Structures are given as structure tokens and as C-alpha cells.
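Report on the structure
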Amino acid sequence: MENFRFLSPTQIIFGRNAEEQVGNEARKLGQKILLHYGGGSIIRTGLYDKVVKSLRAAGVDYIELGGVKPNPRLSLVQEGIELCRENKVDGILAVGGGSTIDSAKAIGIGVPYAGDVWDFYSGKRLPEETLPVGVVLTLAATGSEASNSSVITNEDGWFKLGLNSNLTRPVFAILNPELTFTLPPYQTASGAADIMAHVMERYFTPTKNVELTDRLCEGVLKTVINNLPLALAQPDDYNARAELMWAGTLAHNDLLSTGRVGDWASHKIEHELSALYDVPHGAGLAVVFPAWMKYVYRHDLDRFVQFAVRVWNVEPDFANPERTAREGIARLSRFFKENGLPTTLPELKIPADRLEEMANKATDYGKKILGQFVKLKTEDVLAIYKLAL
Ligand code: NZQ
Ligand code: ZN
């Protein structure tokens, strides 16, 4: 096991009607807040009215900015920064999915910074200050509600880049599984694929002797595998939605990475897909992850056999462990497919003509090596895209 520090300061407020507490919680963000949201789902579901009512009852002064797009854009972040400065806003309340939360995080670090907020995403600077961010979550997926990450797309060149900083961990996150009943099936499934990907990025590690976190990872994966079909079959199945929602937070608040090195190549490879083709991040991962696995599994066959046996209940073939490993990967793909997700690039309507460009962008034109479980160069990334065709 590696040495580690673990910080997860976000207060989680979980359960039915939890959003009714948002006014009192939002007071902790300051006198005046920005209410930030997406393309209108919260208005259609009635959540917007509930949040506004609770803010008013608690005497919280707010201004608002909606319109966050999936794969959130830098231009709206910049608009939000200006708006917060002009109105002397103290904190931000994000109501929505990962895109809205990430946009709120970006605005939060952008307001006190004199330079261009993109500096933090391009790796030029690390943020030193932020406005506090609170969350009402409507989609179990990214774990952004308690994570240290924010991912933003710069429309100038369609660069989708992530920033990791503990400063961006939200102060509180309100998680009511009922708020996810209205999700379209494809978003529910994409979210579950993202949750699984966050666990698998950590599971496929070069670190040895990590039994506890291996078992925790396997538990989260099995929970998602059991509950995604239930949530799809009956969208208002509270228990299934609750399991998915809590799995989403635990998959990415870094508990599962304690003492181990994560891989993260698949995320980088996927971000090029959602940057150029605007596909849901989780659907992109359902395509990329099995392809990555096919490319790397021989590197540590034992780990892939363990994954197949413990997560997918594959009967181990002791004479042919490769077969066991491959069956685990096949069952992952089959699971995605059975739950309505794509597993190839053509199913995402992504043609083969820009694979080289994406492989180059993923490695910053050969300057960066991706991954820790296996280190990948541009030509490896290209081979993985080709395996996904
Ligand atoms: O925009 P609105 O109208 O709200 O609709 C959204 C959006 O169209 C809709 N939606 C959300 N909750 C709903 C709902 N529709 C009906 N009922 C509800 N309860 O779902 C659509 C997708 O929302 P979005 O926020 O984009 O999805 P998600 O939560 O999957 O976030 C994806 C973004 O997060 C990034 C991804 O790359 C992507 O940009 N990630 C952020 C991470 C982090 N900060 O820690 C980690 C992840 O690996 C990921 O990269
Ligand atoms: Zn993800």
C-alpha cells in the first residue's frame, strides 16, 4: 500500500426531501449566492421552484445563471465570473448534474483570480482561492458533488481539460435519490457507466497489497451492476436510485484510491470523444473502457482474472487464465449493451477519420504519457481508438 492523505470535507445530506434543507445550508455559502443550473430540467421537474422557495424562506439573497450545457463550456464560466464579480457574490449553489457542478467550481476559482480561469485547466497555474460551492445533485454519475475535479471544455479548439484541486471540493452536497427519477434511461445508464469507470480507474493499479480498497471497489461495482437494471426497469425505484446515488459519490470522493495509484488513461481518452463529438461522458467511457482493457489486460493477468471472478462471477479457467480475463471484459461490455449503452465508436456516431487527431490531443502531441497501470504513448492511444471501432 502507498502512503496517503485522505480529505473528503463535503457534508453529505442524503435522503427523501433533503432538498428542503437547501436554504439553511446555502446560508453557509455567504450573504449573496449565485444559483447555477443547466438547460432547464430543474425547471421542468419543479426542483427550481422548491430551491427558490427554500432560499427565500431562509433569507438567502441570490442571483441566477442557467444554461450550463453537458460538457460545460468555458464561455459560460467566464460569463458567470463577471456576473459574480459585478454582484459581489459570496458563494455558488449548483443545482444539477456534473456539468453544472463543474461549471460552478470553475466560476468559484475564477472569481478571485486576476488572470484567465483557463490557466487552471491548461496547467499553467494552480488555484489558491475559491468561492465556496454547494450542490443539489440531480444525476448519479460523476461524483463531482464531493470530488476534487472540474472538467471544462474550451470552445476555442475544443479542448476538454480537467483540474484537480482540493479547493474545489464542495462544502455540502444534497443528495435526494427521488430527484433522479426523471432522468432519461440513457442518462441513467451513462451515469452508471461513469461510476463504474471511476472505480475501475482505481481498481487497475500498479500498487500491490491493496486488499481493503480492492474489496471496496468490487462492492461498489457489484452494487451498480445489481441496481442499474432495476432503476431502468422502474425509474421511481427509490432503493435502486439510492444505491446508485451513493455509489456515485463513493466512487469518486477518493476513498477508493486511498493507498493506491489510479490509472486514468481511459478518462483522458474519452474526454477527446466528448470534446469533439459532444457525447455523454459515461457513454463514451462504455466504449473506451472495454477497448482499453483488451489492449492492456496481459500486463497484469492476475488482476484481470480477479476482476472477472470477483466482479462478474466468471468461473476461473486455471489452465487458461487469459480466457477468464477476456470473459470478464466481455461481460462488462455485455452489461453496457444490455443496459442500452454503446460499446463501439460507430454506435456513438463517431467516424474513423479523426482518431489520430484525438490520440495526439490526448497525449498533448506526444508530450504526455497516459496511465499508470500501463503507460501509453500516442500510438497506443490510437490503437485503443481503433479497437473501439
Ligand atoms: O442541463 P439540464 O437541463 O439540467 O439536463 C441535464 C443534461 O441534459 C440532464 N439531467 C440532469 N439531471 C436530470 C436531467 N434530466 C432529467 N432529470 C434529471 N434529474 O442530464 C443531462 C446530462 O447532465 P450532465 O450534468 O452533463 O451529466 P453528468 O452528471 O454526467 O456530467 C458530465 C460532465 O461531468 C464531467 C464529464 O466529463 C462531463 O463534462 N466529469 C466530471 C467529473 C468531476 N468533476 O469529478 C468526473 C467525471 O469523470 C467527468 O469527467
Ligand atoms: Zn468520469
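Residues numbered from 1 in each chain as written. Chains lettered and ligands numbered in written order. Predicted model: local features only at pLDDT ≥ 70, side-chain atom pairs only at ≥ 80, totals over all residues. Heavy atoms only, no water.

**Some remarks on the overall build of the protein**
Applicable threshold: Helix numbers and strand numbers start at the N terminus; a helix is a DSSP run of H or I with at least 4 residues, a strand a run of E with at least 2. Between buried and exposed lies partly exposed: a residue is buried under 20% and exposed over 50% of the maximum accessible area for its type, with that area taken using a 1.4 Å probe on protein chains only. Any two residues having at least one pair of non-hydrogen atoms within 4.5 Å are treated as being in contact. Residue-level accessible areas treat just the shown protein chains as cover; the underlying method is Shrake-Rupley with a 1.4 Å probe.
From N to C terminus, the protein includes 15 helices and eight strands. Taking the principal axes of the C-alpha coordinates as reference, the protein spans close to 70 × 45 × 45 Å. Considering the protein as a whole, with its 389 residues, one finds that 58% of them fall into the buried category. Across the protein, the fraction of contacts at a sequence separation of at least 24, relative to all contacts at a separation of at least 6, is 77%. Summed over its atoms, the accessible surface of the protein is roughly 16300 Å², and 50% of this surface lies on carbon and sulfur atoms.

**Describing the site of ligand 1**
What counts, and what does not: Working definition: residue near molecule or strand if any one of its non-hydrogen atoms lies within 4 Å of it. We define a polar contact as two N or O atoms separated by no more than 3.5 Å, with the added condition that, inside protein, one atom must be a possible hydrogen donor and the other a possible acceptor, whereas residues neighbouring each other in sequence contribute only through side-chain atom pairs. Charged residues are taken to be Asp, Glu, Lys and Arg, nonpolar residues to be Ala, Val, Leu, Ile, Met, Phe, Trp, Tyr, Cys and Pro, and polar residues to be all remaining types, Gly included. What counts as a domain boundary in this text is fixed by an automatic or database domain assignment.
Near ligand 1 you find 33 residues, and of these Ser41, Gly98, Ser99, Asp102 and Ser147 are the closest. Gly40 places a main-chain nitrogen or oxygen 3.1 Å from an oxygen atom of ligand 1. Within the contact set of ligand 1, a nitrogen atom lies 3.1 Å away from a side-chain nitrogen or oxygen of Ser144. Contact with the protein chains removes 90% of the 970 Å² of surface that ligand 1 exposes when unbound. Each residue belonging to the shell around ligand 1 can be placed in one class, and the counts come to nine nonpolar, 21 polar and three charged. Summarising the domain contributions, the shell around ligand 1 has at least three residues from each of domain 1 (11-179) and domain 2 (186-387).

**Quick look at a nonpolar patch on the surface**
We count it as follows: Here, patches come from residues exposed beyond 30% relative accessible area and free of salt bridges, joined within 9 Å for like charges and within 5 Å for nonpolar side chains (Val, Leu, Ile, Met, Phe, Trp, Tyr). What counts as a salt bridge is simple: a side-chain nitrogen of Lys or Arg found within 4 Å of a carboxyl oxygen of Asp or Glu.
On the surface, Met1, Phe4 and Phe6 cluster together to form a nonpolar patch covering roughly 340 Å² of accessible area. Exposure remark for Phe6: the relative accessible area of 39% places this residue in the partly exposed category.

**With respect to the domain arrangement of the protein**
To be explicit about the condition: Two parts lose some accessible area (1.4 Å probe) when they are put together, and adding that loss for both gives the buried area.
Partitioning the protein into domains gives domain 1 (11-179) and domain 2 (186-387). Centre-to-centre separation of domain 1 and domain 2, based on C-alpha positions: 27 Å. Contacts between the two partners involve 29 residues from domain 1 and, on the opposite side, 27 residues from domain 2. Across the interface of domain 1 and domain 2, roughly 2100 Å² is buried in total on both sides, 60% from carbon and sulfur atoms.

**Things to note about the packing of aromatic side chains**
Keep this limit in mind: Planes of paired rings set the category: under 30 degrees apart is stacked, over 60 is edge-to-face and the rest tilted, where pairs are Phe, Tyr or Trp rings (Trp by its six-membered ring) whose centres lie within 6.5 Å. Whether a charge lies above a ring is judged from NZ of Lys or CZ of Arg, which has to be within 6 Å of the ring centre and within 35 degrees of the ring normal.
Per the stated rule, a full pass over the model turns up 18 aromatic pairs. Pairing Phe204 with Phe373 gives two aromatic rings, centres 5.8 Å apart and planes at 70°, and the pair type is edge-to-face. Residue Phe204 is found in the loop between helix 7 (185-203) and helix 8 (211-233), and its partner Phe373 is found in the loop between helix 14 (355-362) and helix 15 (378-387); the two are separated by 169 residues along the sequence. Note on accessibility: Phe204 and Phe373 belong to one class, buried. An aromatic cluster of three or more residues is present, and its members are Tyr203, Phe204, Phe289, Trp292, Tyr297, Phe304, Phe307, Trp312, Phe335, Phe336 and Phe373. Sitting above the plane of the Tyr238 ring, Arg16 keeps its charged end 3.8 Å from the centroid.

**Regarding the sheet that holds strand 2 (residues 32-37)**
Sheets are built from strands that pair by backbone hydrogen bonding, the pairs being arranged parallel or antiparallel. Defined as follows: Strand pairing requires that DSSP identify at least two bridges connecting the strands. Axis definition: a line fitted to C-alpha atoms, limited for helices to the stretch in contact. Angles are taken between N-to-C directions and run from 0 to 180 degrees.
If you trace the six strands from one edge of the open sheet to the other, you get 1-8-5-4-2-3, paired in parallel fashion. Only two strands of the sheet have a single partner each, and these edge strands are strand 1 (11-14) and strand 3 (61-65). Put simply, the sheet's adjacent strands are angled 20° from each other on average, direction ignored. Note: strand 2 against strand 4 (residues 91-96), five bridges, orientation parallel. Across the sheet, Leu35 pairs through a bridge with Leu93, a residue of strand 4. Its contacts with the sheet place helix 5 (residues 98-110) against strand 2, strand 4 and strand 5 (133-137), and it is angled at close to 170° to strand 4. The strands that helix 9 (residues 238-250) touches are strand 1, strand 5 and strand 8 (172-175); relative to strand 1, the one it contacts most, it runs at about 175°.

**Examining helix 13 (residues 321-338)**
For the record, the criterion: A helix is expected to span 1.5 Å multiplied by its residue count minus one.
Look at helix 13: 26 Å from first C-alpha to last across 18 residues, which is about the 26 Å you get at 1.5 Å a residue. Looking at helix 13, one finds that the buried residues are Thr324, Ala325, Gly328, Ile329, Leu332, Ser333, Phe335 and Phe336. Contacts made by the buried residues of helix 13 are with helix 7, helix 8, helix 11 (281-296) and helix 12 (301-312). Looking one or two places after helix 13, you find Gly340, whose phi comes out positive at around 85°.

**Considerations on the coordination of the zinc ion (ligand 2)**
What counts, and what does not: Here a donor is an N, O or S atom found within 2.8 Å of the metal, or within 3.2 Å if the metal is Na, K or Ca; sites may look incomplete because water is not among the atoms.
The coordination sphere of the zinc ion (ligand 2), as far as protein atoms go, consists of Asp194 (OD), His198 (NE2), His267 (NE2) and His281 (NE2), spread over 2.0 to 2.2 Å. Of note, the donors binding the zinc ion (ligand 2) are all from one chain and are spaced D-x3-H-x68-H-x13-H. Note that Asp194 and His198 are positioned in helix 7 at a spacing of four residues, about one turn of the helix. This pair shows no difference in class: Asp194 is buried, exactly as His198 is.

**Some words on the environment of Thr100**
On the secondary structure map, Thr100 appears in helix 5. The exposure class of Thr100 is buried, given its relative accessible area of 4%. Ignoring anything within four residues of it in the chain, the contact list for Thr100 reads His36, Tyr37, Gly38, Val68, Ala94 and Val95.

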